[in-house]
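Here are the chains, one letter per residue:
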Amino acid sequence: MPPVFAHGRLRLYLLKLLDEAPRHGYEVIRLLEERFQGLYAPSAGTVYPRLAKLEAEGLVTYATEGGRKVYSITETGRAELADRGGELADLELEIRDSVSELAAEIRDDVRGAAGDLRREMRAAASATATQVDDESWKAAKEELRKAKQEWKEQARRAKDESRRAREEAQQARRQAKEAQERAREEVQRIAAQLQEQFAKPGGVLGSLAGAWLGGGPAASAPAGSPSAPGHSGAGWAEDLAPTADPARDLDRLLDRFRDDVRDAARDHGVTPAQLAEARAHLAAAAARIEAGLRPGA
């Protein structure tokens, strides 16, 4: 296995190939061989176990066609691929560099072989000039011509592959950067909405806290009670100063809410009826928050 596929990166590249189109295992092996100009071809014992593991993790699925498994990426697999977009771009660049290095080695080998052939031809011509007829000389020259042509063709293919890999890597980097920017903007927007919801008296999360204390809005908890989590007004969690990262601020607010409700449940106890009502409140709140987190909400 080439060094570029160390540390589980072959797994990431398999997801990329399946994101391009559904493929069976043999086609995946052939594509990897093409990307390396035929200088590296993974074995079935390398590819198929990894595909099986991806399927077990829910990142890919397969359908049987003509007696063969055709693998397709799942939405979970696409999400992981998007999250690792920067790593994938780096991998594409390393593959390009690896192909370039292999092409350079081929050029050096062909150039060295051609030089050795020329020297051998000159030595043979000098030693046996009177014994070499025209046909033998022509055959030797033809072999040299073929060797030069093969070197030029391999160099051309390596150059084309290197350019294509560079363009794909640049495109992947741009796409990853755009996706990160969109995700950051969405998180900031949603965090602002949730912070506004936390600040509303009797908001959804405040109602949830009140449900643990006896069913009802948080405002019904006794004012000034040290264990009552009825702090859903504008002053709730005001000691948590906002940072430049809205996602982190959201995590801190959710942690505070969980701690307040847990303390109230520990201090006052929870009856089966209160648990059922709290579960209904939690389900409604989860649905509302999840809807707000979806793109375009």
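Residues numbered from 1 in each chain as written. Predicted model: local features only at pLDDT ≥ 70, side-chain atom pairs only at ≥ 80, totals over all residues. Heavy atoms only, no water.

J.: Even after reading the chapter, I still don't get the overall build of the protein, so can you show me in this structure?
T.: Along the backbone of the protein there are nine helices and three strands. By the burial criterion, 33% of the 297 residues in the protein qualify as buried. By sequence separation, contacts in the protein at least 24 residues apart represent 66% of the contacts at least 6 residues apart. (Helix = DSSP H or I, 4+ residues; strand = E, 2+ residues; numbered from the N terminus. Buried < 20%, exposed > 50% of the residue type's maximum accessible area, 1.4 Å probe, protein only. Contact = heavy atoms within 4.5 Å.)

J.: Which parts of the structure should I look at to understand the nonpolar core?
T.: Side chains that are nonpolar tend, in soluble globular proteins, to be buried together. Phe-5, Tyr-13 and Leu-32 are the most contacted members of the largest nonpolar core, which has 26 residues in total. Mapped onto this core, the elements with two or more residues apiece are helix 1 (9–20), helix 2 (25–35), helix 3 (44–56), strand 3 (68–73) and helix 5 (85–127). Among the elements that line this core, the one with the most residues is helix 1, at seven residues. Every residue in contact with Tyr-13, bar those within four places of it in the chain, is listed here: Phe-5, Leu-32, Arg-35, Leu-88, Leu-91, Glu-92 and Ile-95. If you look at the next biggest cluster of nonpolar residues, it comprises five residues, including Trp-236, Ala-237, Phe-257 and Val-261. (Core = buried A, V, L, I, M, F, W, Y, C linked by side-chain atoms within 4.5 Å.)

J.: What is the right way to read the sheet that holds strand 1 (residues 23–24) from this model?
T.: One key point about sheets: their strands pair by backbone hydrogen bonds, in either a parallel or an antiparallel sense. Spatially, three strands are ordered 1-3-2 in an open sheet, and the strand pairing comes out antiparallel. The two strands at the open ends of the sheet, each matched to only one other strand, are strand 1 and strand 2 (60–65). Its contacts with the sheet place helix 1 against strand 1, strand 2 and strand 3, and it is angled at close to 95° to strand 3. (Pairing = 2+ DSSP bridges. Axes fitted to C-alpha atoms, helices over the stretch in contact; angles between N-to-C directions.)

J.: Any chance you could explain the pairing of strand 3 here in plain terms?
T.: One face of the sheet, then the other: side chains in a regular strand alternate in exactly this way. Summarising the sheet, strand 1 and strand 3 pair through two bridges and their orientation is antiparallel. Residue pairing for strand 3: His-24 is matched across the bridge by Val-70. Here six bridges tie strand 2 to strand 3, and the two strands are oriented antiparallel to one another. Residue pairing for strand 3: Glu-65 is matched across the bridge by Arg-68. Joining the antiparallel neighbours strand 2 and strand 3 is a turn of two residues, in which Gly-66 adopts a positive phi near 65°.

J.: Explain the pattern of salt bridges here, please?
T.: One side chain can pair with another of opposite charge once the charged atoms of both are near each other. Inspection of every chain in the model, using the stated rule, returns 25 salt bridges. With its nearest N and O atoms 2.9 Å apart, the salt bridge here joins Arg-23 to Glu-20. For Arg-30, the salt bridge is made with Glu-27, and the minimal N-O distance between the two is 3.9 Å. One end of the pair, Arg-30, and the other, Glu-27, are both in helix 2, three residues apart, so they sit about a helical turn from each other. Each of the salt bridges in this network shares a partner with another, and the network as a whole consists of Lys-16, Glu-20, Arg-23, Glu-27, Arg-30, Glu-34 and Glu-92. (Salt bridge = Lys/Arg side-chain N within 4 Å of Asp/Glu carboxyl O.)

J.: Whenever I open this one, the environment of Arg-11 confuses me. Can you help?
T.: Tracing the chain through its elements places Arg-11 in helix 1. Separated by 40 residues in sequence, Arg-11 and Leu-51 place their C-alpha atoms 8.1 Å apart. Non-local contacts of Arg-11, meaning those with residues more than four positions away in its chain, are made with Leu-54, Glu-57, Leu-59, Glu-80 and Arg-84.

J.: Looking at this model, I keep getting lost on the packing of helix 1 against helix 4 (residues 75–83). Mind explaining?
T.: What describes two packed helices is the angle between their axes and the distance between those same axes. Direction vectors running N to C along helix 1 and helix 4 enclose 120°, while the axes themselves pass 10 Å from each other. By the angle class used here, helix 1 and helix 4 are oblique. Seen from above, helix 1 lies across helix 4 with left-handed handedness. Contacts between helix 1 and helix 4 involve Arg-11, Leu-12, Leu-15, Lys-16 and Asp-19 from the former and Gly-77, Arg-78, Glu-80 and Leu-81 from the latter. Looking at side-chain class alone, the contact of helix 1 with helix 4 contains three nonpolar, one polar and five charged residues. (Parallel < 35°, antiparallel > 145°, perpendicular 65-115°, else oblique. Left-handed = near helix turned anticlockwise from the far one by under 90°. Nonpolar A, V, L, I, M, F, W, Y, C, P; charged D, E, K, R; others polar.)

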